[in-house]
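# Fold and geometry: a report
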Amino acid sequence: MLAEARGPDLQGSGAPRHPPTAGEDTKDPRNHHRQQGGERQRRISSRRIGFLGLETRPELLWEDWDLGKDFTKTLVLKNTHNKIQRLHLRPPESKFFTILCPQIIFLSPGMSFSILITFRPLQRYDYEDSIGFQSKEGSVVVRLRAPIPRLALEVPDSVLLPLCAVQHSSHITFPLKNASKLQTSFQWACGAPFQLSPDHGLLKPGQECHITVVFRPQEALVHRQQASCRFGEEEDKEESCCTVLLQGLAKYPYLQLRNPAAKEEKEQGAPVVHFGSVAIGQSLQKHFDIFNPSAVTSSFSLSRLPGGVPLLGSEFICDVTGGEVAPGGSLRATVTFSPAVVDTVSVEYLSLKCRGALNEDQLKLTGSCIGPKLSLSTSVLDFGCVEDGEAGIQTVELVNSSPVEAVYQWDLDCSGNSVFSIQPASGTVQPHSQTTLTAVYRPTQPIAHHRRVACVILHRDPLFLDLIGTCHSELQKPAILKPEHLVLYKFHWYRRQSPTDTLCAMEQEPSVDQQDQHCTLEEPNQRPDSSAVVLKTPMEEFYQSCLGCIDPLSSSSSSSPHVSVSPRELLFNHKMSSSFLSTSSATSQSVSITNYTRGKLSLVWTDAQDSQFTVSPSSCDLAPLKSTSFRVTYDPKQLNAFHGAQLECFAFYKMDDHHIGERVLCPPWCVTVRVIGHSFHPGKEHFIPCCSLKPPQVVFPGISAVSYQTALLQNCGELPLTFCLDLSSNPALAESVSVVPHCGLIQPGLHQIFTLRTTPTRESPKQGFCLQLQLNAAQHRPTKELTVVSVVEKLCVSLEGDGSLYFQPTAVGSRTQRSHHIRNLSRLPLRFQWSIQEQNQELISVEPDSGELHPNEILIQTWSFSPLAKKTYTLKPILTFWPSRTDGANKSLLTLTVEGMGSKGFIEAEKAVLDVEETLVGNYRSFEIPLVNNSPCSVSFQLSVQQTLQDEELVSDPETEPCALQLDCERGIIASRCTMLLQSTFRPHRRGQYLWKISYQTTEASGLVSTRPKAVCEVRAKGVFPTLQVTDVCGGGSLGTLSKMHLWKLFSLDSLNMHLLSNTSSAELIYRTPTKHSLRSGPSTFTKAMLDFNFSAAPISSEPSTFRLMFHNPGSVPVDWAFLFPEDQQIELDYWAETGVFSSTELSQMKVQNNRLFSISPRSATLQPGQQRAVLFSYSHDLVGTNRFAVVLKLCNGREILLNLQGVTVERDRPYLHFAFKRHVFTSMTIGDCSPPRQGYVIYNAGSVPVHYEVDTAVLSQLQIDNFNHPVLRCLSPEGEVPAGKTAVLEWIFSPLEAKMYHMDVPIHIQDGDSTLVRFEGCGFDTPTLGSSNTLNCSDTKESAPCVQRLPFPGQLVFLSADSVSLGDVPVCSQASRTLFLTNVSRTDTVHYTWDLPQQGNQQVLQIRPERGILSPGEVNLCVVTFISTKFPTVYQPDLICQAFQEVALTRYQKDLQHLEEERRKERDEFTITDQKLSEPVAASLRKESPFRKYKTLPPICASRGCETAGAMCSRVERRAQQEMAKIPRQPEPPQPVLLHLEVTAHSHGLLEYNTRFPDQLNKLHRCLQSVEPQKPESTSGTLPPPSHSPEKDTFVHILTTLLWNIVDDSAFAQSLFTVACKPVDYQPAETTPSHCPPSSPCLNEQRGTVDRAGTTLLGTRDKQHTERAPVDVSRDVLLNTFQNMMMEAVRGELGLTEHPRSVISPPVSTRTGRTSRATFEENS
C-alpha cells in the first residue's frame, strides 16, 4: 500500500492552480488517485516508445523542484525510419515550459536530436503541458509534467502476527519505505496488545526501515487493530496518515507434567515420580516430561513449592527451572535425588507455572534413604583356655544384607595393646556381601578375659561382639570363663542384685536351671522382671561404655559402672585446652581407677611388647569403693613420629578358689585409656595432613531428645594422622556435643568413625556451630571443621483454607464429601490424629483420621458431612500431632472449623413424559433422561422402574416379563442446581407399546432408603419390526391393459401387506440378515407365510409381463429388504459333496433359473422411514407352459415371506382364456328385490387368436329348479367371442331367494380348448332398514387398492390425481360427474394423451372431457368424468384407459411414416436404367411416353442353361430376393404409449328401491330422463344425444354467464331481491315427475313401458323433454364450468379454498363498479 501526502489547496486563497493560458486543462489534484506514486511515474517517464519511425519518451517529469529556479531537461528524438523525416514542432502552450529549438526539424535515418526544455515554476501546484511533433504520417505528443513533491510511504495493508499465548509475546517485522523524494518523519500510534518499535523516526528519500510489531495479548481473543502512522509536516491532517491492520490470535497456554515411566500413575490427581530406596551417599536420576498439548508456544517456570525446605537444602535437584515448549512438543527434565539422612523419606513438590494459563500443575517427588545393614554371624567368640604364651584364633562373618556399601571400624586396639585383636580392624563391606574377620586371643596374664567390643558402623548403630578367653600358666590355672557365665550374670543382674549378693545366690542355688545358662546374650528381654528395666539402645550403650559410665554387660541405661577410669584420653606433647583430655608435654601422666563394688578387685594392665606407652604398676589390688592411680609413660623409640594406642585394664574379683565354683564364675570388667603423642622436636614442622571429612555438616533431628549421628574422617595420605578435638573456639556450645573419640591415630589409608551425641535446644543457632579437629598436633594450620546443627524445631502443620472447611448444603440423611489437605512444614516426620467430639461423630468423619506425615509431605484427606436435621452446623474437630520418634508426650493441637447446612432435596425430570423413537425388536436404542435437581443440596437417590405394556392384545405377566428398559445408573448423586443425563437403553423383546414409570427414593449415607417412592417421569417407547407396504402397482408389457384392481388381485397384494405388517415369528429371526445357510437348491424358509404372484398369461415370444410395485416404509426405522433367489441361500459345496440327484421341483427351478424367465430389479435395497421405492418384476414368455419359481422376500430383522412366482406362456394358435381367479363373489343382495342389478365377471383372452366361449347353463337351470323355479343366477351373455389380448365381461343377475350363502360351480367351455369350472358365490340377506346399505357382508371381496397415486413410477410422465372413482349408490338413469387432474410430471417433454372409453353391455355409460389433449412440461389439465347410468340396475366397474405419448416419439414416428411413404412413392414411380447401350433419343422418347408409366415392367427373362444349373440358379434367386427384401423399407413401429387406468365403480338401483333405501339422497342427484341405449351403427334412433359441448352451446353459455354477472353486479337488482322476498308466493312449480306414486302405480309401469318401446315415439318424447329442460341443462353447465374454473385456479395457486371467503373473493378494482357495491352491500347486511 502506498500512502501519499497531498499538496496545499490554493483554491480558497484565490491563487491560480494552472497557468492562465488558452487551452488550459485544469485538474484538481484531490481527484488524483492516492496510489499514483512517484516510482510509477518515474518508470513511465523513463520508458522510451517508438511511433511513426520516431523514438522518444512518452513524457518528461520534473519531481524535485522549488520556486524561483530554472530546471532544464533534455528530450531526445531518434529517427528509426529509413528515410529523412521532417518534423514540425509545436511548443508548449504555457509560459512555464520554454524551449530553444527551430520550428522545423530534419532527422536523417538513425540520427538523434536533443531539445532542451526549461521549467520555471512560480507557484506550488501541479503543472502539466505537452509538446508535439507533426510529420506526414501523423503526430507525436510528449507530455510535460511537474507535480508538487509529495510525501509517500509504502506500508503493507495488513500484518498477521504469529499465534501467541496469553501473557506471552510474539513479534514480526514489516518494511516501511519512504517512496518520495522528500525527507519525512513518522510517528506510530497503536494501542494494546500491539506495540511497534521503533514508534517514531526519520526517513530519508528512498530509505526503508523495518518496523517490529510485538503482540502481547492478555485475553484469548482474536485481536484486530488499526495502527496509524502520521508522517510529514502536517501530522494533523488525514492526508498525511497511513494505517496498517494488525491481526493476532491469542490462545490460553496449557502444559502437562507426565511421568514417562508410569504414564497413568497418579496420586490424588497429581503425577508422582517415585525414586524408591536410594543408598546414602549415592544419587539416582529420573526423568519427567513437560508436554504442551496446546497450539501455542508456552513459557514456564519450574520451582519448588514454598515452605518445608530442610536445613541441608533440598535433596532433589532438577536441571530445568524454566523454558519454552513448542506446540505439541515436550521437554524432558531430569531430577537427581541425593539423600543425606538414613531411614528418612524425602518429599518434594515441583510447581509448574505457565504465564497466562488457567491452572498450575504439580509434580510430587518422593524417595527414601537407606543405610547399611550389617550383622555378625555370632555375638560371642569363646576362645576357651589358652596357655600362657600361646594364642587362640577364631573367625566371624560380617554380613552386609543391604544394597549400600557399609563402612565399619572395631573399637579395639589391634596393634598389640590388647589381648584381643580383630583383623581387619576397619574397612568396607560391599552391598549384599560378607567379610570374614579373624579374631586372635594372646593373653599376657593367667586370668580370665572378657571384653565387649563395639563395631562402629557409619550411619548405623554399632554391633557388639563378646570376646571371652581364659589363660592358664603352669602355676596359675583360674576358672575357665564360658558363655553361660555371661548369661547367668545377666540373669542375676535383672534381679537387681549386687555382685556380692549374686555370689551368695550362686552358692545357695547350685541347681540353677541349665536352660538359663545356655541362653544367648541376644535375649535379655526374656528374663524375669525385664519389663521394669529400661533398655539401652546400641548407640547409647556404645557411647556410655566409651565414657565408662555403665557396666559393659548390662543393657539398662540406668545401670552404674562397677569400675571407672579417669581420664579416658591422654595426649603427650599436645598443647590444647580441653576438660575432657589430659594434655602434657611430660613423658608420663597418671590415670585413676575407681572400684564401685563391695568386693575386692584385682587390676591387671595388658602389657604390650615394643609399645611406646607403658603403665606402672602393671597390676594391683583395689579395695571396695576405693581408687588407685597408675603412671602412663610415653617413651618414643623413634623421633619425628606420631604414636597412639588404646591401653586396657581388666578388673576381677579377688577370691579364693574354694569360695566359688566354676558355675558361679563372674566375668571381669575391662576399662580402656586412649593415648596419643608425637616425638617431634619443638619447632620441627609436622606432617601435612591429607584427609577428608564426610559429611562436613551434621544435622540432628529437631527434637529435644538425645540424638546420635556419625561422621567419617578418612586418611587419604601415606603418613599417619593424629586428630584431636579442639573446643577452644566455642567451649559452651561445643560442650553440648559429645564426640567419641576425642583423639586418636589413623594409619595411612584407614579411617576413623566419629560418634556425635547431643540434645538439641531452642537456644542453639539455627545455622549451627563448628567443631574443629586439630590434625597432627599443628596449632597454626587450618583444621578440619565439622558443622553441627542441633536446634529444636517447632512443629508446624498447615491446614488448607486457613483452618476452615465449608460443606455445600446437604440433604438430611445423605452424605457429602470434600477433600482437604494438611501439610507437614517441619523437618521431622510427624504422627497425627483427628479428634471429633462424640456427639459430632455422626455428623462428620475424616479418612484417614490418623497416620504419619513425612517432612514437607501433603496429605489429602476426605471429609464427610451427614446432617441429621435441617439446620446449620458449626463443628470444630482437633488435629493432634507429635514427632514420630517420640512417645507423644509433647503434642501440638490445631483446630479446624467445619461448617455445613442440612436441607431437604428432591429431583425431577425435565419432561414428565419422554417419548423414545421406535426401536427394532432384538436391537437396542440408547437415550438420555435428563434428571434435574432444583433443590439447594445434592440428592442421593435410588431409581426403580415399573413396566406396563399398553397393547390390549398383548398378554404379559409383570413378574416373568423382562424389563425392556435398562438404566445404566440406578444409584447416584445429583449436585445442587444441576442436571444429570441418565443413560438408558431400550431393548424391546416384542412388538408393542411400552410404558415405564420411573420413581426415585432418597438414600442415606449408609445406602438405606429413607423416603417413599416418588414419581419422576414416564417413558414411552415402541418396539417395532421393520415393515414394508405395497402402496401402488403398475403393469407393463403384456400386462399393460389390465386394470390396477385386476393386478392387485393377481399378486395378492392385500395378503402381502397383511403379512408384511404382522408380527415376526421367532423362527424367522434365526437368520436376521440374508445368509447362505441352505444345502438344497430350492429355497429354504423359516416361515409359514406363502403367497402367489400370478403374472397372468401371454402368447409365446410376446412382450414380457412386467409390473412395478411401489414399496413404502410406513414405519419409523430403516428397512433393509432383499429378494432371495435359491442361489442366494444355497451354500456352495465342493464338487465331490454334490450328489447330482435332483427332484422334479428342483429341475423345474433350475430350468426357470437358467433361462432367466423371472427377474426382479432391484433385488435388494434400503428404505428410510417414509421413503418409497419401485421394484420391477418381469416374466419372459420364452418357454411354453406354466412356469413357477420360488423367491423369498426377507426383511432384515423382520419378516420372511415365500413368494411363488407363476407365469403362463401360451402357444401361438392355441385358444386360451386365462382365469386368474376361479372363484368370484357377487355383491350381496337383499331377498325379494324385484330388480336385482347386473353384475360382471371379467374373462381375459391371453392367446393370440380369438376365443369362442360358452357358459354351461344346465347348472343354472338345475339351480333354478332347486329354488322353486326362481332364477337365482342368470347369465345374460352365455356365449360370445373374446378378441385376442382383450377382456370380456360376462353379465350376471344374482337374485337370492333366501338369506344364505349360495355356491355355484359353473363350467365355461372354450371352443377347441379346455373347459374351466368357475365357482360363483353370492350372499342373500334380509331387507335392510331405512338409510342402511348392505348390512350383511357374507364375504368381503373388496380389495384395498389405492385410489390415489402418491408417487410416479420411474419413466411415468403422466399421472392422475385419482386412480379410481367411486360413485356409490345411484338411481337408474342418473348422471354424476367427477373432476380429475392429469399432470405432466416431466419438465422437458410434451405429452399427448387420449382416452379409451369402455362400454357396459354395448352401452356407453362414461364420458370424459376432454377426450384428448396436449400437456406441456409441468402442466396440469382438468378432466371431467361423467357417468350416466342405464335404465337397468347394474353394478358398474368399467376401466378407462388413458394413452399418453411423448411428443418427441410421435414426431419421430410421423417423420418415419413420411419417409416410408416417400420411399414407397419412389419405388412406385421411379426406376433405374442400367443398359449402357441405350441411346439418348430412345431414353428421351421413353421419358415422353408417360402413359406407359402406370404399367410395371416385367422381370427379365433369363435363358435356361440346362438342368444341371437349376439348383445354383434357385439359390442365387433366393439370395437376390433376400437382398431385395432387405432393401424394402420396413414399416415404422408406432410409439408405445404409457397407459393410465381409471376405474369407476357404481351401483345403480331402481327408483323405488333407491327412494326407499336412500330417501335423503334422491334430491341431491340429477336424473337424465333420456336413457342410454345400446349403440347401433345402422340406426340413428338409438344414439346418444349430441355432445353437450358444441360451439353454439358454448357461445350461448358465455353470453348467459356475462348477463348473469351484470345482473348480479347491479345494486338496484340486489335491492329488489329484498323487496321481492317480502311478497307472498303466488305460484307453485309444476311437478315433472310422479313423486307420490306407490310401488305398483300405473305411472311407473307406464314409464317402464315407455322406456321399453322403440321407434320414433320415444325419440319425440326425448326431444320434447330435452326442449322443456333446456334452461336447466344450461344452468347446470354454467355451474359446472364455474366449479371447474375454480378448481383450475386452485390448482395453479390463484385461489385458496381454505381461506376466508371475504379475503379470497374480494372484488378487484375494475370498470365494474357494481361488483364493489355488491360486496359493500354484503358487508352491511
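Along each chain, residue indices are assigned from 1 in the same order as the chain's sequence is written. At least 70 in pLDDT is required for a residue's local features to be given in this predicted model, at least 80 for side-chain atom pairs to be given and counted, and no such filter applies to totals for whole chains, interfaces and linings, which use all residues. Values reported for side chains reflect all heavy atoms of the structure, with hydrogen atoms and water molecules removed beforehand.

## Here we look at the overall build of the protein chain
Quick note on the threshold: Segments assigned H or I by DSSP are reported as helices when at least four residues long, segments assigned E as strands when at least two residues long, and all are numbered from the N terminus. We call a residue buried when its accessible area falls under 20% of the maximum for its residue type, exposed when it is over 50%, and partly exposed in between, using a 1.4 Å probe and counting protein chains only. Methods summary: accessible areas were calculated by the Shrake-Rupley approach with a probe of 1.4 Å, and residue burial reflects only the protein chains presented.
When helices and strands are counted, the protein chain shows 22 helices and 111 strands. Counting every position in the protein chain, which comprises 1725 residues, the buried fraction comes to 44%. For the protein chain, the computed accessible surface area is about 89,700 Å², with 51% contributed by carbon and sulfur atoms.

## Some words on a nonpolar patch on the surface
Worth spelling out the cut-off: Nonpolar side chains (Val, Leu, Ile, Met, Phe, Trp, Tyr) within 5 Å and like charges within 9 Å form the patches, drawn only from residues with over 30% relative accessible area and no salt bridge. Here, a salt bridge means any Lys or Arg side-chain nitrogen found within 4 Å of an Asp or Glu carboxyl oxygen.
On the surface, L1679, F1683, M1686, M1687 and L1697 cluster together into a nonpolar patch covering about 480 Å² of accessible area. Inspection of the secondary structure assignment puts F1683 in helix α20 (residues 1670–1692). Overall, the relative accessible area of 51% leaves F1683 in the exposed class.

## Considerations on empty space enclosed by the protein
Our working rule: Cavities and pockets are found on a 1 Å grid laid over the protein atoms alone: a cavity is a set of points where a 1.4 Å probe fits but cannot escape, a pocket is an open set with protein on both sides within 12 Å along at least five of seven lines, and a lining residue has an atom within 4 Å of such a point. Grid points are joined across faces, edges and corners, and a volume is the space filled by probe spheres set on the points. All amino acids are sorted into three groups, where Ala, Val, Leu, Ile, Met, Phe, Trp, Tyr, Cys and Pro are nonpolar, Asp, Glu, Lys and Arg are charged, and the leftover types, Gly among them, are polar.
Applying the stated rule across the entire model yields twelve cavities of 30 Å³ or more. Each pocket or cavity is described by its volume, and for the largest cavity that value is around 160 Å³. Considering every element that reaches the lining of the largest cavity, the biggest residue donor is strand β82 (residues 1029–1037), with four residues. Within the lining of the largest cavity, the residues separate by chemical class into nine nonpolar, six polar and three charged.

## Here we look at the sheet that holds strand β35 (residues 406–410)
Selection rule: Two strands are counted as paired when DSSP detects at least two bridges linking them. Note on geometry: axes are lines fitted to C-alpha atoms, helical ones only across the stretch in contact, with angles between N-to-C directions running from 0 to 180 degrees. Contacts are assigned to residue pairs with any non-hydrogen atoms lying within 4.5 Å of each other.
With mixed pairing, five strands are arranged side by side in an open sheet as β33-β40-β39-β35-β37. Single-partner strands in this sheet number two, and they are β33 (380–387) and β37 (426–429). With strand direction ignored, the average angle separating the axes of adjacent strands in the sheet is 25 degrees. Packing of helix α5 (residues 538–547) onto the sheet brings it into contact with β39 (448–457) and β40 (460–472), and relative to β40 it is tilted by some 55 degrees.

## A closer look at the pattern of salt bridges
Applying the stated criterion across every chain, the model contains 28 salt bridges. The shortest N-O distance in the salt bridge between E59 and R143 comes to 4.0 Å. Pair noted here: E59 is in strand β4 (residues 59–61) and R143 is in strand β11 (residues 139–146), with a separation of 84 residues, a long-range link. Judged by its relative accessible area of 39%, R143 falls in the partly exposed class. With its nearest N and O atoms 2.6 Å apart, the salt bridge here joins K1044 to D1032. Note that K1044 is positioned in helix α7 (residues 1044–1050) and D1032 in strand β82, a separation of twelve residues in sequence. Assigned by exposure class, K1044 and D1032 land together as buried.

## Quick word on the environment of A777
With respect to the element layout, A777 can be found in the loop between β58 (769–775) and β59 (784–789). Assessed through its relative accessible area of 12%, A777 is described here as buried. A C-alpha to C-alpha distance of 7.3 Å links A777 and F723, two positions 54 residues apart in sequence. Every residue in contact with A777, bar those within four places of it in the chain, is listed here: H574, H678, H686 and T722.

## So, the pairing of strand β98 (residues 1287–1294)
On a regular strand, one side chain projects to one face of the sheet and the next to the other, so that they alternate. Among the eight residues in β98, six count as buried, and that is most of the element. Two strands pair when backbone bridges link them, and strand β94 (residues 1238–1245) and β98 are joined in this way by seven bridges, in the antiparallel orientation. Across the sheet, the residue bridging to I1243 is A1288, located in β98. One ladder, built from three bridges, connects strand β96 (residues 1273–1275) with β98; its direction is antiparallel. Looking across to β98, one finds that R1274 is bridged to I1293.

## Considering the packing of aromatic side chains
Just so we agree on the cut-off: When two rings of Phe, Tyr or Trp (its six-membered ring) have centres within 6.5 Å they constitute a pair, described as stacked for plane angles under 30 degrees, edge-to-face for angles over 60, and tilted for the intermediate range.
Here the structure, examined in full by the defined rule, presents 56 aromatic pairs. Ring centres of W605 and F630 lie 5.4 Å apart, and the angle between their planes is 70 degrees; on these two criteria the pair is classed as edge-to-face. Taken as a pair, W605 in strand β45 (residues 601–605) and F630 in strand β48 (residues 627–634) lie far apart in primary sequence, 25 residues in all. As far as the burial class goes, W605 and F630 line up, both buried. Pairing F1158 with F1189 gives two aromatic rings, centres 6.2 Å apart and planes at 10 degrees, and the pair type is stacked.

## Some thoughts on the sheet that holds β11
The mixed open sheet is built from five strands, whose spatial order is β4-β11-β10-β6-β8. Strand pairing shows two members of the sheet lacking a second neighbour, β4 and β8 (104–107), which therefore form its edges. If you compare each strand with its neighbour and ignore which way they point, the axes differ by 25 degrees on average. Where strand β10 (residues 127–134) lies against β11, eight bridges are found, and the strand directions are antiparallel. The residue bridging Q134 from the neighbouring strand is S139, located in β11.

## Section: the side chain of S94
Here is the rule we go by: Identification of polar contacts relies on pairs of N or O atoms within 3.5 Å, with a donor-acceptor requirement for protein atoms, meaning one able to donate a hydrogen and the other able to accept it, and with residues adjacent in sequence counted only if both atoms are side-chain atoms.
The topology assignment puts S94 in the loop between β6 (85–90) and β7 (97–99). A polar contact of 2.7 Å, which involves the side chain of S94, links it to the side chain of D129.

## Quick look at helix α8 (residues 1053–1060)
To be explicit about the condition: In this context, the arc is that of the directions from the helix axis out to the C-beta atoms.
Those residues of α8 that sit buried are L1053, L1056, N1057, H1059 and L1060. Summarising the axial view, the buried residues of α8 lie within an arc of 160 degrees, below the 170-degree limit, and thus occupy one face. Residues of α8 that are buried make contact with β82, α7, β83 (1090–1099), β84 (1105–1112), β89 (1185–1195) and β90 (1200–1210).

## Some remarks on unusual backbone geometry
Geometrically, the link from S566 to P567 is a cis peptide bond, its omega value of -5 degrees lying close to zero. As for its position among the elements, P567 is in the loop between β41 (563–566) and β42 (569–572). With an omega of -10 degrees, the peptide bond between E847 and P848 qualifies as cis. Position of P848 among the secondary structure elements: in the loop between β65 (844–847) and β66 (850–853). A positive phi angle, near 50 degrees, is found at R1156, a position not held by glycine. Considering the arrangement of structural elements, one finds R1156 in the loop between α10 (1144–1154) and β86 (1158–1161).

## Observations concerning the environment of L1193
On the secondary structure map, L1193 appears in strand β89. Judged by relative accessible area, which is 0%, L1193 ranks as buried. Sequence separation between L1193 and F1125 is 68 residues; the distance between their C-alpha atoms is 9.1 Å.

## Some words on the side chain of T710
The topology assignment puts T710 in strand β53 (residues 707–715). At 2.8 Å, the side chain of T710 forms a polar contact with the backbone nitrogen of H459.

Scope: geometric values only; no functional claims are made or implied.
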